There are 2 protein chains.
Amino acid sequence: MSGTDYRRKTLSDGPVIVLVNPQLGENIGTAIRAMANFGLAELRLVNPRDGWPSDTARAAAAGADHVVDGTRVFDDLEEALADLTFVYATSARNRDMLKPVRGPHEAVATLRKRHKRGEKTGILFGRERAGLSNEEIALADEIVTFPVNPAFASLNIAQAVLLMSYEWLQGEGRPLPFGVPESIPASKQDLFGLYEHLETALDKERYFYPEHKRATMVENLRNIFHKAQLSKQEIHALRGMVAALEGRKSRARKK
Amino acid sequence: MSGTDYRRKTLSDGPVIVLVNPQLGENIGTAIRAMANFGLAELRLVNPRDGWPSDTARAAAAGADHVVDGTRVFDDLEEALADLTFVYATSARNRDMLKPVRGPHEAVATLRKRHKRGEKTGILFGRERAGLSNEEIALADEIVTFPVNPAFASLNIAQAVLLMSYEWLQGEGRPLPFGVPESIPASKQDLFGLYEHLETALDKERYFYPEHKRATMVENLRNIFHKAQLSKQEIHALRGMVAALEGRKSRARKK
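Now for a quick tour of the structure. Remember, it's a predicted structure, so these values are computed and weren't measured experimentally. (Residues numbered from 1 in each chain as written. Chains lettered and ligands numbered in written order. Predicted model: local features only at pLDDT ≥ 70, side-chain atom pairs only at ≥ 80, totals over all residues. Heavy atoms only, no water.)

### Re the interface of chain A and chain B
And then number 1: With 71 residues of chain A at the contact, the number on the chain B side is 70 residues.
And then number 2: At the surface where chain A touches chain B, the tally comes to zero salt bridges.
And then number 3: Mapped onto the side of chain A that touches chain B, the elements with two or more residues apiece are α1 (25-37), β5 (101-102), α5 (104-116) and α7 (157-171) of chain A.
And then number 4: The biggest single contributor to the side of chain A that touches chain B is α7(A), with eight residues.
And then number 5: Of the residues contributing to the side of chain A that touches chain B, the split by class is 35 nonpolar, 22 polar and 14 charged. (Contact = heavy atoms within 4.5 Å. Salt bridge = Lys/Arg side-chain N within 4 Å of Asp/Glu carboxyl O. Helix = DSSP H or I, 4+ residues; strand = E, 2+ residues; numbered from the N terminus. Nonpolar A, V, L, I, M, F, W, Y, C, P; charged D, E, K, R; others polar.)

Pasting the structure below:
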């Protein structure tokens, strides 16, 4: 979906994303795109299988060149984490490790709290198939896992990066990019004018029949328009519609 | 990330995902994989460019064959929506339409409420580049949009499907797939035993110096172990460690 506004400044604050031993450039690129979508900008790769830089990754990043260009490569996970104060390791499997296990929402709350204090944090993602080793996870402070369908739990790393990045920006309480356009709400006078117009037209056609049901029928009709919370323009359009229908009928009869 | 448990039953309840005019089989497949990850199972395609079935889609679905096989194709969006009672249209752009605009979280709350009442609902996603037309959006009840980085707002359709599916399963209040393993918490007696062991060893080495700072130094050390909320096993390991260090020093001195 499009909607990019290139005049706006890129957000770039937030946890560092660390990919351990990623195999496919395409996955790295898709992860980068997801990071950029939700305002993360710092990526570190530990021993990417096909080396770095990667044309495949750049293509899949779909224009997030600021993240591609800033990506740093490390031989060693410990080095990649050295300047961070708090690190989450993602895992889909139970590791029987005495580390707290959090969902993405809760993990982001912790990351945001530390971020506000000026700490530099990170989120660790493992290899496409094998994930992170227990040794690697032991270097992190806590584990984050996703509430998934147990019958189909395998998340792609780019998808896992997307979910964490999404939660990160959600945690900012960011407003939606757009809302319902302003419209002039109809006054009750306008609304009652519509009712009168409509009911007079329907009376002419003997729509409210039998007479003893009239009151209920009128009430039901009015409720329909009432709950639509019509704007001034919409009432105008509806009155035009009623007028047109009346006219069509009278014309048809004249023939 | 792996972690699939094939013995578990597939979840399959929830909104229908409708892709309008998808271009690439790979995107359809990745969307299917994301649906399956978070328990959605019903996909409808309106005029997929490269036809259906699609081998590329099946490959990208990474084993979510139950969704691939159940996918239905329509010529016409109205037909694809005919049996639904409430539909969200996704959009990254402002359409200046008098429809409520929600974030994913709020949209899912509405979908869940209606789902509980037995309603069949849907979420509509547009073409890779152009999204949905205003005419198509007009067929939906409300709009859902994602809080994204305004400088890099372009979300891939598979990513958009992933986020809605993720929110859907989150809305179920599903527990995480695993937690911290049970461990026997240490009794205070065990903890105080460790303190005594450690402090005696350190006293021998005149670690607590000068004497008037002893109380504060002891307190600081004890706090470190206190806040680690040690288990019985961990205390055992720490006492072993202290004993080993003591031993090493005495051996070294003996030489």
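### Some words on the relation of the copies chain A and chain B
And then number 1: For the pair chain A and chain B, the best superposition has an RMSD of 0.1 Å and corresponds to a rotation of 180° with a translation of 0.0 Å parallel to the axis. Here the copies are linked by what is in effect a two-fold axis.
And then number 2: The overlap is high: 99% of the interface residues of chain A also sit at the interface in chain B, so the same surface is used on both sides. (Least-squares fit on C-alpha atoms with pLDDT ≥ 70 in both.)

### Concerning the packing of α5(A) against α7(A)
Helix packing geometry: the angle between the two helix axes and the distance between the axes.
Residue and element names in this part refer to chain A.
And then number 1: Their axes nearest at 9 Å, the elements α5 and α7 cross at an angle of 55°. As summarised for this structure, α5 and α7 are arranged oblique, according to the angle between their axes. Classified by chirality, the crossing of α7 by α5 is right-handed. Seen from α5, the contacting residues are Pro-104, His-105, Ala-107, Val-108, Leu-111, Arg-112 and His-115; seen from α7, they are Met-164, Glu-167, Trp-168, Leu-169 and Gly-171.
And then number 2: Broken down by class, the residue content of the contact of α5 with α7 amounts to seven nonpolar, three polar and two charged. (Axes fitted to C-alpha atoms, helices over the stretch in contact; angles between N-to-C directions. Parallel < 35°, antiparallel > 145°, perpendicular 65-115°, else oblique. Left-handed = near helix turned anticlockwise from the far one by under 90°.)

### Considering the sheet that holds β5(A)
All names here are of chain A.
And then number 1: Sheet architecture is open: seven strands sit in the order β3-β2-β1-β6-β4-β7-β5, paired in parallel fashion. Both edges of this open sheet fall to β3 (72-74) and β5, since each of them pairs with a single strand only.
And then number 2: Strand direction decides the pairing type here: strand β2 (residues 43-46) and β3, joined by three bridges, are parallel. Bridge pairing in β3 places Arg-44 opposite Arg-72.
And then number 3: Together, β1 (16-20) and β2 form the strand contacts of α1, whose direction differs from that of β2 by roughly 160°. (Pairing = 2+ DSSP bridges.)

### Things to note about the side chain of A:Ser231
And then number 1: Structurally, A:Ser231 can be placed in the loop between α9 (214-227) and α10 (232-254).
And then number 2: In this structure A:Ser231 comes out as buried when scored by relative accessible area, which is 2%.
And then number 3: If near-sequence neighbours (up to four positions away) are discounted, A:Ser231 is found in contact with A:Ser183, A:Ile184, A:Pro185, A:Ala186 and B:Leu98. (Buried < 20%, exposed > 50% of the residue type's maximum accessible area, 1.4 Å probe, protein only.)

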